[in-house]
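# Coordinate inspection notes
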Amino acid sequence: MAEIRAEEQTLAISKTFLIKPKLKPKARTLPQTPESKYWSSFKSTQIPNLVSSISSLSFSPSPPHPFAAAYYASVSLFSPLSLSDGNVSPSSTISSFSDVVSSISFRSDGLLLAASDLSGLVQVFDVKTRTPLRRLRSHTRPVRFVKYPVLDKLHLLSGGDDAVVKFWDVAGESVVLDLTGHKDYVRCGDCSPVSSDLFVTGSYDHTVKVWDVRVEDSRSVLEVNHGKPVEDVIYLPSGGLIATAGGNSVKIWDLIGGGRMVHSMESHNKTVTSICVGRIRKENCGDESMEDRILSVGLDGYMKVFDYGNMRVTHSMRFPAPLMSVDFSPDCRTRVIGTSNGIIFAGRRKGKENVESGGGWNVLGFESISEPERRGLRPTHFRYFHRGQSEKPVEGDYLVMRNKKVKLAEHDKLLKKFRHKDALVSVLNKKSRENVVAVMEELVTRKKLLKCVSNLDADELGLLLMFLSKNATMPRYSSLLMGLTGKVIEMRAEDIRSSDPLKGHIRNLKRSIEEELRIQHSLQEIQGIISPLLRIAGRR
Amino acid sequence: MMMRGGRSLVSSPPAFSNDAKKLLVCTSNTVSVFSTATGLQITSLEGHTALVTSVVVVPPSSPAAKVLCYCWTASLDGTIRYWDFSVPELMKTIDIRVPIFNMVIPSFLDIPAVDKGKHQDLFAYVFTEDTKETQEKTKALRRQIRKCNLSKSRLVGRLILGETKKPEVLTVSPSGKFFGIRNKCKLHIWKVPDQGSEHAAVRKITLHHTKKITVIAFHPTQRVIAAGDVTGRILTWRGFGNIAFAENQKLINIQEDKPGVRDNDDADSCSTWHWHSAEVNVLSFSSDGAYLYSGGKEGVLVVWQLDTGKKKFLPRIGSPLLYFIDSPDPTLSAISCADNQIHLLKMPSMGILKTISGIKTPCCYPEMCKGLGNGIAFDQTAGLVALRTENYCIQFYSLFDDRGISEVHVCERNHQPGDDVTVIVTAVALSVDGSLMSTSEVKLAEEGIGGLVCLKFWQAGSQNKEFSLSTIVYDPHRDAGISAVTFHPSGNMVVSSSFGGDFKIWRCNNDIIQNDQMHQNFSWTCHAVGSYKKRPMTAAAFSADGSVLAVAAETLITLWNPYKNVLLAVLGETLTPIVNLSFLGKSDNLAAASCGSNPQLSVWSMSKLSLSWSYKLCIEAVASAVDSSSFAALALLPESSNETTFKGRDGVILLYNATNPVPTAIWSVKKAKGGALGFLQVNPSSVEEVDGKTPEVLLAYMSGDHEYVVFDPYCKDAHEVSISQKEGLSSLELKGQGGQYGYASIYGELPEFDKKSPETPWVPSFPSERPWETIFSGSSHNLPPLTKLCSAFLESLLEKRTAAVE
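Residues numbered from 1 in each chain as written. Chains lettered and ligands numbered in written order. Predicted model: local features only at pLDDT ≥ 70, side-chain atom pairs only at ≥ 80, totals over all residues. Heavy atoms only, no water.

Under an unreviewed UniProt entry, the name given to chain B is WD repeat-containing protein 75 second beta-propeller domain-containing protein, and the organism recorded is Hibiscus sabdariffa.

Word for word, the UniProt comment on chain A under Subcellular location (unreviewed entry) is "Nucleus, Nucleolus". (UniProt positions renumbered as here; feature names shortened; annotations may be inferred.)

Have a look at this one:
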């Protein structure tokens, strides 16, 4: 685009300078990182009154990704779309449970929901009709977790306080495999995202075992020791790493490398209760990519975001209650956190409705589809002649540039005309103290401030005194305003004495200065206490 | 090799060539020819040996002759020269042996054609100084107007048109019929005689006014003359000389009513306009005679419509106007400003097309603000100098190209000439690579309130020397003024020292912001604060490797580790406060200059922490080369020795080797007060080779008037070059005194400087009247054994009975 100036280029010797307030110092700490900006962009909504602790949360893998929450003896389904509207009532509730629901899991197509309860029963519901289709009873003690494999629609995995992990054939309501090996309550488990045969379970015996249904004698393939009772275990999207939560720590293990611990994250200060995988969209030099994070919640009320690529905590958020469960929607727009007192903190992010990460968790890369380029209007099209002022220039257009007009405030105009007192009065009426101080500084530079003060009439003097009584003790301005206050009182003493409203302003001024003196005095006392200590410290 | 520059472009009015494509500007001894299209210098006419005072372009006799480029120049050296400035070539020299202050050539303006076979003489009227008859004449009237026959190369004998006390400006009317001068409250106008003998009587009239007249202008067609006076009034006489210059000497009715005309002067009427608040310096009629341009000290060009008196303005030029020149091209004209700028104006709209930027003149500040330094910083790598200007700018001036590169507006204010100075740019510092700049400014308080000190950090943009502000610090040292700002050699650290008794080290954090393009953003934060016994910190310097920071605490030198802010050592002490500190290249020596009643130049050895040698010299500036141990000091000569030995030169540049107190070279210079010195690294492309080798470094000296010279301090030829140019009595002169055959002869001329011969004291302090104060100070490894100290200490406590012993 070529640019042409409206007038032939002439140089300006002098510019118009506006009266600007002094710059404020910038904070030395960096502003929000892009990452924490992302995580705080989830607009939080509270879903209250769910009776008791939210034991489990789960998102449906099929859009629009409704989520289910298990609390006491019922499971509620929520629609994330309603969250945006502020509607927090569940879209449907399943309450055909005889005991507290411990865990829920959607099938990979989102049509069926498996739920386990503390009576030892695992039930499979149709999500739409909410009727229990299958009742799987084999556990003798409370069932703690149930999980649908990611790539398998026919089987189900469950584990419970009887220390047995069961692999079910759902259709026939029969147990395919009993996996014994844990020595304590089995609390959690997850199925591999890359294989239908592999899964992990974690138990209170501190161990996490990796199972393979193809192994004949039902023995675990691999075992890692977390060191604390394991509360939660998940497969990371690659399928080669798992993350375990137990005690205050979240540990990451490399299964392909034979169960080697990759990293231990110990930034929670109470037991970590639940972890899940979150995703963040990174924009690096123009192209977008998704990166995975581990979201962990604990009884300390913190949610932490852990970047396991760089091994550091990138964001942390505090909630006002112990947290029990967390999940993150596959479309990256909703994250839900359940607390121990029956509140769900659901966060939803604004974004395009059609943002889809394709096949759920399996697709690692994100392909950005290039939008068709908009072509500029050609003179052959009739709309070319209907363009308005806001029309953007197209490549190849000749731009005729006009110098930007400088907008002058009222005090600027008055100062340009050398009406100094009027400028001061007009800016005093405007209630912006930065500008008032800036105009005063300009008047000092022109050596006209005191002349202005001496020319003010009673009302205008009242304005000035009011401004001084409010702002004279502000540290940012006090170096100028304190001196000015003294001069004003000295110069206009007789006018002040003769007018009652002005006396009132002076009383206010006196009060604020006394207050400031008190503060200074106590600050000096503190300094007196500290300075010997500093001196001693300096000697060492 | 030697380069001069920084001359005044506005010493006398410039002149346009006939095609208006060139502008001839008098620049001291030469006339520089600038292109009006680009504003760059094309060529220069060299030959005069003193200040060129007038340049007159020969007007074309026919339209076809417009391309001819001939001009006459007159100079104080007493010659008038005739040039073809397109080549450029000297055609003719007329030596009249008296200094010429001004010259006008009215005759060729009305010569119809020279080619008619009849050769006519060309006459010029010159303003000269009568040098011969000094004895007989009263001293008052020595400046004369004389007539000069240019064709016959001589003055017209015995014809003296007028005499004045001071040299005045001759003004010629565009028609070539009249010329005039102002003389206090009077105005003298002469009618140019028609062709004829050289002794033809010249008729003269005088017009009177009550105020001192400053400038006059003739109307191009009518008998109208305008004059400006010191109070800002513009007077216009119409129909002047109707009686005296009447063709047929008829008596016209004298009793006619003549409104506004004083003292029965020979004019029809006189009218007055008053807009200017101060004296009028510029008056010029437009070529069609419909408008009058006026300008003065307030820096506003006013256009008066002559018939109605309506005004149009070109405001805020920011500097007093000196000359307004119309060009043959009606759309182009030029104004010269007092700040050494010539603006080319596009005429009807009065927009500024181009600016021919000379070096800005030094600012003059009120007395109370003295001792702020000269505000000059050298960019060693690019060969630039950064200097503060009166309009709150930093001007970057290329020393090699001799032209202004850019200006950085430091304070967001416009300068109005004549206003009280309330904001002063006090210091400017450049980083070694020239990409960062730091400035400090002071806003003066109004009766004790509202004073402000600002420290600003700037970064160079992608384009050369377009600086943008990165950080402002308000009141960096509370309300105390900043005495010095210095960059660390690495460029990411700055020290600012204050008279308030502390210094601060500022560090640069650069975060790279990813916008459309990579954009580096520097932000500066205070890294450390240091003070020494609450003494005012008067100067600061970093060592070449950046590991040591020297800060002068009045008379002591404190050495610090700038990274950890640890006091390393204290050197002391001098007699008067130190104003200038400089590490001497890579050598482990430090030069300190103190001024006042007992000025001193001292060189301290860092390895021994003691004084190496010192001189009693009043030092104006010190510069050290980056990678050698030599340094140059600009010393002011004492008043007494000024007259005889140095012929008006008031300073010397002394080149020293750090270890040797005997200077390796000495040059004497003019106008050293307020001058500056800087070493420049040589860019091989910009410097022509001398004897097949390029010099390693160049030394730049800038005088108090901002004229400068760049030369190779190590080259022996430089001395001879300067001697051969000694005849050129330019205002700035360098003389390689004694440079031919050793400096011993000149060194003998300066015995009074050696009062304090080189000495090496055994403790890093001067023995003073009260030794117990200094005897124990210094590092412990430097202290002599206790036995020695003890006796000295006890001795100092005892009263000395000198008389009783006898």
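## Side note on the confidence of the model for chain B
Residues and elements named next belong to chain B. Averaged over chain B, the pLDDT score is 78; the fraction of residues at 70 or greater is 79%. Per-element confidence in chain B ranges from a low mean pLDDT of 42 for helix α3 (residues 744-748) to a high of 92 for strand β24 (residues 301-305). Contacts for the low-pLDDT stretch residues 110-118, under 50 throughout, to residues beyond four places or in other chains number six contacts. The low-confidence segment residues 718-768, where pLDDT is below 50, has 107 contacts with residues more than four positions distant or belonging to other chains. (pLDDT = per-residue confidence, 0-100. Helix = DSSP H or I, 4+ residues; strand = E, 2+ residues; numbered from the N terminus. Contact = heavy atoms within 4.5 Å.)

## So, the environment of alanine 68 of chain A
All names here are of chain A. If you trace the backbone, alanine 68 turns up in strand β4 (residues 67-71). When the C-alpha atoms of alanine 68 and isoleucine 343 are compared, they prove to be 14 Å apart, with 275 residues separating the residues in sequence. Beyond its immediate sequence surroundings of up to four residues, alanine 68 is in contact with Ser56, Leu57, Ser58, Val75, Ser76, Leu77, Ile104, Phe106 and Leu113.

## Describing the UniProt feature "repeat: WD" (unreviewed entry) in chain B
In the UniProt entry, the feature "repeat: WD" (unreviewed entry) is given for residues 273-314 of chain B. From the first C-alpha to the last, residues 273-314 of chain B spans 18 Å; its make-up is 0% helix and 55% strand.

## Re the interface of chain A and chain B
On the chain B side, the residues contacting the 28 residues of chain A number 28 residues. In this assembly, chain A packs against chain B so that about 2600 Å² is buried in total across both faces, 57% of it on carbon and sulfur atoms. Applying the counting criterion to the chain A and chain B interface returns three salt bridges. Here chain A and chain B share seven residue pairs in polar contact (both at pLDDT 80 or more) between them. If you list the elements that add at least two residues to the side of chain A that touches chain B, you get α5 (433-445), α6 (449-455) and α8 (478-491) of chain A. (Buried area = accessible area lost by both parts, 1.4 Å probe. Salt bridge = Lys/Arg side-chain N within 4 Å of Asp/Glu carboxyl O. Polar contact = N/O pair within 3.5 Å; in protein donor to acceptor, adjacent residues only side chain to side chain.)

## Describing a nonpolar patch on the surface
Residue and element names in this part refer to chain A. Nonpolar side chains collect at one region of the surface, where Ile519, Leu523, Ile526, Ile529, Ile530, Leu533 and Leu534 lie side by side and expose about 660 Å² of accessible area between them. When you line up the elements, isoleucine 530 lands in helix α10 (residues 500-539). Classification of isoleucine 530 by relative accessible area gives partly exposed; the value is 39%. (Patch = residues over 30% accessible without salt bridge, like charges linked within 9 Å, V, L, I, M, F, W, Y side chains within 5 Å. Areas by Shrake-Rupley, 256 points an atom, 1.4 Å probe, with all protein chains shown as cover. Buried < 20%, exposed > 50% of the residue type's maximum accessible area, 1.4 Å probe, protein only.)

## Considering the sheet that holds strand β26 (residues 321-326) of chain B
All names here are of chain B. Here four strands make up an open sheet; going across it, the order is β26-β27-β28-β29 and the pairing antiparallel. Two strands in the sheet have a free side with no partner beyond their single neighbour: β26 and β29 (351-357). Strand-to-strand twist across the sheet, computed as the mean angle between neighbouring axes with direction ignored, equals 20°. (Pairing = 2+ DSSP bridges. Axes fitted to C-alpha atoms, helices over the stretch in contact; angles between N-to-C directions.)

## Some thoughts on the UniProt feature "repeat: WD" (unreviewed entry) in chain A
Residues and elements named next belong to chain A. The residues that UniProt annotates with the feature "repeat: WD" (unreviewed entry) are residues 136-178 and 179-221. Within residues 136-178, the helical portion is 0% and the strand portion 56%, while the C-alpha atoms at the span's ends are 14 Å from each other. Its end C-alpha atoms 11 Å apart, residues 179-221 is made of 0% helix and 47% strand.

## Some thoughts on a positive patch on the surface
Together, Lys165, Lys166, Lys184, Lys186, Lys204 and Lys212 of chain B give the surface a local cluster of positive charge. Summarising the element assignment, lysine 165 of chain B is placed in the loop between β13 (154-164) and β14 (171-172). (Lys, Arg positive; Asp, Glu negative; His and termini not counted. Charge placed at Lys NZ, Arg CZ, Asp CG, Glu CD.)

## What to know about the pattern of salt bridges
Considering all chains together, one arrives at 30 salt bridges over all chains under this definition. The partner of lysine 24 of chain A in a salt bridge is glutamate 434 of chain A, with the nearest N and O atoms 3.4 Å apart. Separated by 410 residues along the polypeptide, lysine 24 of chain A in the loop between β1 (2-5) and α1 (34-40) and glutamate 434 of chain A in helix α5 bring together distant segments of the chain. Its relative accessible area of 24% is what places glutamate 434 of chain A among the partly exposed residues. Linking aspartate 705 of chain B and lysine 671 of chain B is a salt bridge whose minimum nitrogen-to-oxygen distance equals 2.8 Å.

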